[in-house]
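Structure assessment
Given next are the chains, with one letter for each unit.
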Amino acid sequence: MSLVEEKKDWKVLKAEAMAHLHRLYFDETDDRPWAVAWSGGKDSTTVLGLIVEFLESLPPERRHREVYAVMSDTKMENPNLEAYMHNQVSLLNDYAEKKELPIQADLVFRKEEHDFFYLVMGRGYFLPQRIGRGRWCTQRLKLFPQNERLKEIQPSHMLVGTRLDESQTRRESMEKWSADDEFNARMGEHAQISTITTFMPIANWSVEDVWAYLTLNGLGWSSSVEVRTLYKDATGECGFSNPKGVEKNTVEACGARFGCWTCPVVMKDQSTEKMSETYEWMQPLAEWRKLQLMVFGDYIPKRPEGMTKKERGTQLRKWEAIMADVKLITKSGHKRNGNIMKDKHTGEHRLDQGTITVEARKYLFDKLMETEQLVNRMRELENLPPLELVREETKELIKEQWEHDEKEAPWLVSNESGRSIKELDEILDM
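Just so we're clear, the structure is a prediction, and the values are computed from it rather than from any experiment. In this numbering scheme, every chain counts its residues from 1 along its sequence in written order. Totals for whole chains, interfaces and linings use every residue, but because this is a predicted model, local features are given only for residues with pLDDT of at least 70 and side-chain atom pairs only at 80 or more, for both listing and counting. Values reported for side chains reflect all heavy atoms of the structure, with hydrogen atoms and water molecules removed beforehand.

1. Focus: the overall build of the chain
In this text, helices come from DSSP runs of H or I with a minimum length of four residues, and strands from runs of E with a minimum of two, each type numbered from the N-terminal end. Check the secondary structure of the chain and you find 14 helices and six strands. Residue burial in the chain is summarised as follows: out of 430 residues, 52% are buried. Here, Shrake-Rupley sampling with a 1.4 Å probe gives the accessible areas, and only protein chains in the shown set may cover a residue. Carbon and sulfur atoms form 49% of the exposed surface of the chain, whose accessible area is close to 20800 Å². When accessible area is computed with a 1.4 Å probe and restricted to protein chains, residues below 20% of their type maximum are described as buried, those above 50% as exposed, and intermediate ones as partly exposed.

Right, dumping it as structure tokens:
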């Protein structure tokens, strides 16, 4: 049976989801707790809203199954989103205690050695732009800590907010792993823990249905204004409609990527860039993210509106040449283990490949510290508390790694071209 269903009113979809939750909650074949993958975004918040509403509908004596909402704080979140996430966890736990609901929200964190800044500026990892295993950030920053908590909980079901409308890739993945059981639930094995089954209660909801639920139905523990404001600030649009139909082509509603402000996966970070129009102190963050891509030689400029195909081709060739020059300065030409990078066709030493040099890592780190100072000066003018972009523990790890590489891996210290790292300022016009 296909996951695709005829279009229904959001209230009908809500009633169906509540019925599925009821039958699954009282399934006597497995009395283990549930877990909810809660990111703080609109979809997972909708799922959590349904669950809280369902639990409240039960008399206290029937609330026998515990529910854990697990939220991963990568320590790289957009600052506004991170503050929102922490506040939501506190509000939900207070509400659950007040209403005597068997639900608990947990914040989990990545290990220090999995910190994004440590791996990039300490060890010189490549930016996680590749698909599959190359996108190492999601595993280390988000899934590993989440799965550690799940192993402790050992839930029977993981409830997630994935929807068919999000993207074609997501649709194909959902259809591959889903199956209809007697509850008409969308089931699939959790990727890391085989004893957990995934349940997707809003699989057939559209973005309009989600916004309608959040706006008209509301949430028990919190106003939905906060999450709607986050999306509005990140995109300039929000509400019941799917802005410009973008959800057919992106993995997040409204065309916004909610998550790490440094994310190199998308060339145009709409959430941070758009928010910087409202929150001026975020502009330096967007600039550093761009610099990060440049230092690694991965920067591709966004296409200005009205640019012709020919002009775009000229623009791209220009930046390809600039990035090729940058790589000769920032790449070591070696892997971390000392093996040289070779051209796969000629076998010649590739000086523009390999682990990023210690010099380039220090350059990027210094620019980040300058960014932090600028951001906090701007926040001070708005009577906002200072931000700590890199924790002291992480700074120590980064510096220890530099010292190690300088002593034990001299091939990683500088480039093989004899170029000075100071050239970057002129090349990148910083």
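Don't stop here, the text continues.
2. Quick look at the packing of helix H10 (residues 283–295) against helix H11 (residues 309–330)
Where H10 contacts H11, the axes come no closer than 8 Å and their chain directions differ by 75°. Compared by their axis directions, H10 and H11 come out roughly perpendicular. Judged by residue contacts, Leu293, Met294 and Val295 of H10 engage Trp319, Met323, Val326 and Thr330 from H11. Here the contact of H10 with H11 is composed, by residue class, of six nonpolar, one polar and no charged. Here the axes come from fitting lines to C-alpha atoms, over the contacting stretch only for helices, and the angles between their N-to-C directions go from 0 to 180 degrees. Here roughly perpendicular refers to angles of 65 to 115 degrees, roughly parallel to angles under 35, roughly antiparallel to angles over 145, and oblique to all remaining angles. The contact criterion used is simple: two residues touch if any of their non-hydrogen atoms lie within 4.5 Å. The residue classification treats Ala, Val, Leu, Ile, Met, Phe, Trp, Tyr, Cys and Pro as nonpolar and Asp, Glu, Lys and Arg as charged. All others, Gly included, are polar.

3. A closer look at the nonpolar core
As used in this record, nonpolar core signifies buried Ala, Val, Leu, Ile, Met, Phe, Trp, Tyr and Cys residues forming a set joined through side-chain atoms within 4.5 Å. Residues Leu21, Trp38 and Leu55 are the most contacted members of the largest nonpolar core, which totals 46 residues. Taken together, the elements giving at least two residues each to this core come down to helix H1 (10–25), strand E1 (34–37), helix H2 (42–57), strand E2 (67–73), helix H3 (79–99), strand E3 (103–109), helix H7 (207–217) and helix H8 (225–235). Membership of the second largest hydrophobic core comes to 45 residues, among which are Leu285, Ile329, Leu389 and Trp402.

4. Let's talk about the side chain of Asp352
Looking at the element boundaries, Asp352 is found in the loop between H11 and helix H12 (358–381). The exposure class assigned to Asp352 is buried, which follows from its relative accessible area of 18%. Any pair of nitrogen or oxygen atoms within 3.5 Å is treated as a polar contact; in protein, a donor-acceptor pairing is required on top of that, and neighbouring residues in sequence qualify only through side-chain atoms on both sides. Side chain to side chain, Asp352 and Arg350 meet in a polar contact 2.8 Å long. Sequence-distant contacts of Asp352, defined by excluding residues within four places in its chain, comprise Lys327, Leu328 and Lys331.

5. Observations regarding the confidence of the model for the chain
In this model, the chain carries a mean pLDDT of 84, and residues with pLDDT of at least 70 account for 81%. The model gives residues 167–191 a pLDDT under 50, and that stretch makes 60 contacts with residues more than four places away or in other chains. As a per-residue quantity, pLDDT reports the predictor's confidence and falls between 0 and 100. pLDDT under 50 marks residues 239–257. Its contacts with residues more than four places away, or in other chains, come to 47 contacts.

6. Focus: the packing of aromatic side chains
Only centres within 6.5 Å qualify two rings of Phe, Tyr or Trp (six-membered ring in Trp) as a pair; their planes then separate them into stacked at under 30 degrees, edge-to-face at over 60, and tilted for everything else. Going through the model one piece at a time under the given rule, you end up with eleven aromatic pairs. With a centroid separation of 5.2 Å and an interplanar angle of 80°, the aromatic rings of Tyr25 and Phe26 are classed as edge-to-face. Residue Tyr25 is classed as buried on the basis of its relative accessible area, which comes to 0%. Ring centres of Phe116 and Phe117 lie 6.0 Å apart, and the angle between their planes is 70°; on these two criteria the pair is classed as edge-to-face. The exposure classification of Phe116 matches that of Phe117, with both residues buried. Cation placement over rings: the criterion is NZ of Lys or CZ of Arg within 6 Å of the ring centroid and within 35° of the ring normal. Just above the ring of Tyr25 sits the side chain of Arg65; from NZ or CZ to the centre is 5.6 Å. Over the aromatic face of Trp281 sits the side chain of Arg379, whose NZ or CZ is 4.5 Å from the ring centroid.

7. Points about the pairing of E2
Burial analysis of E2 places seven of its seven residues in the buried class, which makes it a mostly covered element. Burial of E2 is two-sided: the residues Val67, Ala69, Met71 and Asp73 facing one way and the residues Tyr68, Val70 and Ser72 facing the other way are all buried. Bridging between E1 and E2 involves four bridges; their strand directions are parallel. Within E2, the position partnered with Ala37 by the bridge is Val70. By convention a crossover is right-handed if, when the strands point away from the viewer, the path from the first strand over the helix to the second runs clockwise. Read from E1 through H2 to E2, the crossover connection turns out right-handed. The pairing criterion for strands is at least two bridges between them, as found by DSSP. Bridge count between E2 and E3: seven bridges; the pairing is parallel. For Val70, the partnering residue across the bridge sits in E3 and is Asp106. Note that the unit made of E2, H3 and E3 has a crossover that is right-handed.

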